[in-house]
Amino acid sequence: MTNIAVSRVKREFREIITSEEDQKSGIKVELVDETFTKLKGEIRGPPETPFEGGTYNLDIVIPETYPFNPPKVKFTTKIWHPNISSVTGAICLDILKDQWAAAMTLRTVMLSIQALLASPEPDDPQDAVVARQFKENRSAYLLTARHWAQVHAGAKSQGHNECEEKIRQLMDMGFAENQSRVALSSHSWNVERAVESLFNS
């Protein structure tokens, strides 16, 4: 990696780990390797969103051409959000593509991703299934996003969980837990439609 890239990443890394403001807003980074090309990011789910209380990990890869090109960032914690793939963790965010500017930093990226969790853009989706649910059945979307936050990101459970009961029903039919969760999530927790989709896949 070029010296420019390394010195920039070192500076930005220091900026995040020493900032009290970032610690309060739940943003962290740690090095994965000594060359500063791979980092692990962590963001807290924003308050008053279905992701509240969850901790989300990010895989950050710094390109040779940094800061003139954006870092490659994806979620490694599963999340149910219109702009993040529920399968691969890929993120649809303009500053990670064509709206990147060399003045932006890793901190900008982390805060922008955290802001995206609070204000989804369903008209520019990364996950069409989630975006459709967000637009057509908001209560199912909120239920699913909260359920995924509890299961995958360690958010606290809200008491009685109808999602778990429905997953158990499908597991009793012989489907795997994760397969059952994805099918139910994709079909707004309609057991019959989820079962049908599993038999047809």
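The model shown is predicted, which means the values in this text are computed figures rather than measured ones.

Conventions used here
Residue numbers here run from 1 along each chain, matching the order of that chain's written sequence. For a predicted model such as this one, the threshold for reporting local features is a pLDDT of at least 70, and the threshold for listing and counting side-chain atom pairs is 80 or more; totals across whole chains, interfaces and linings nevertheless cover every residue. With hydrogens and water excluded, all non-hydrogen atoms of the structure serve as input to the side-chain values. UniProt positions are given in the numbering used here, feature names are shortened, and annotations may be inferred rather than shown by experiment. Helical segments are the DSSP runs of H or I of at least four residues, strand segments are the runs of E of at least two, and each set is numbered from the N terminus. Each residue is placed in one exposure class: buried if its accessible area under a 1.4 Å probe, protein chains only, is under 20% of its type's maximum, exposed if it is over 50%, and partly exposed if it falls in between. By the convention used here, strands pair only if DSSP detects at least 2 bridges between them. Should any heavy atoms of two residues lie within 4.5 Å, those residues are considered in contact. The working definition used for a salt bridge is a side-chain nitrogen of Lys or Arg within 4 Å of a carboxyl oxygen of Asp or Glu. Angles here are taken between N-to-C directions and fall from 0 to 180 degrees, while the axes themselves are lines fitted to C-alpha atoms, restricted in helices to the stretch in contact. Oblique is the label for every angle not falling under 35 degrees (roughly parallel), over 145 degrees (roughly antiparallel), or within 65 to 115 degrees (roughly perpendicular). Residue polarity is assigned by list, with Asp, Glu, Lys and Arg as charged and Ala, Val, Leu, Ile, Met, Phe, Trp, Tyr, Cys and Pro as nonpolar; anything else, Gly included, falls into the polar class.

(A) Focus on the UniProt feature "domain: UBA" (unreviewed entry) in the protein. Cross-referencing UniProt, the feature "domain: UBA" (unreviewed entry) maps to residues 161-201 in the present numbering. With 76% helix and 0% strand, the stretch residues 161-201 has end C-alpha atoms that lie 27 Å from each other.

(B) Structural detail: helix α7 (residues 177-186). Regarding α7, the residues found buried are Ser180, Arg181, Ala183, Leu184 and Ser185. Downstream of α7 by a residue or two, Ser188 has a phi angle that is positive, lying close to 50°.

(C) Expanded view of the UniProt feature "domain: UBC core" (unreviewed entry) in the protein. Annotation from UniProt places "domain: UBC core" (unreviewed entry) at residues 4-154. Annotated as 38% helix and 15% strand, the span residues 4-154 places its first and last C-alpha atoms 38 Å apart.

(D) Just the pairing of strand β3 (residues 55-61), in detail. Where burial is concerned, the two faces of β3 differ: the one with Tyr56, Leu58 and Ile60 is buried and the one with Thr55, Asn57, Asp59 and Val61 is not. In this sheet, β3 lies alongside strand β2 (residues 38-44) in antiparallel orientation, the contact comprising 7 bridges. From the neighbouring strand, Gly41 faces β3, where its bridge partner is Leu58. Sheet analysis places β3 next to strand β4 (residues 72-75), joined by 4 bridges and oriented antiparallel. When the sheet's bridge partners are listed, Asp59 is paired in β4 with Lys74.

(E) The environment of Phe36, seen in detail. Inspection of the secondary structure puts Phe36 in the loop between β1 (27-31) and β2. Taking the C-alpha atoms as reference points, Phe36 and Ile113, 77 residues apart in sequence, are found 21 Å from one another. When sequence neighbours within four positions are dropped, the list of residues in contact with Phe36 reads Met1, Val9, Lys10, Phe13, Leu31 and Ile62.

(F) Representation of the pattern of salt bridges in the model. Across all of its chains, the model carries 7 salt bridges by this definition. One salt bridge in this structure joins Arg181 and Glu177, with 3.0 Å as the shortest N-O distance. Here Glu177 and Arg181 lie together in helix α7, a separation of 4 residues that amounts to about one turn. Classification of Glu177 by relative accessible area gives partly exposed; the value is 39%.

(G) Region of the structure containing the packing of helix α5 (residues 138-153) against helix α6 (residues 162-172). Orientation of α5 relative to α6, taken along the N-to-C sense of each, is 80°, at an axis distance of 10 Å. By the angle between their directions, the pair α5 and α6 is classed as roughly perpendicular. Taken together, the residues of α6 that come into contact with α5 (itself represented by Leu143, His147 and Val151) are Glu162, Cys163, Glu164 and Ile167. For the contact of α5 with α6, a count of residues per class yields 4 nonpolar, 1 polar and 2 charged.

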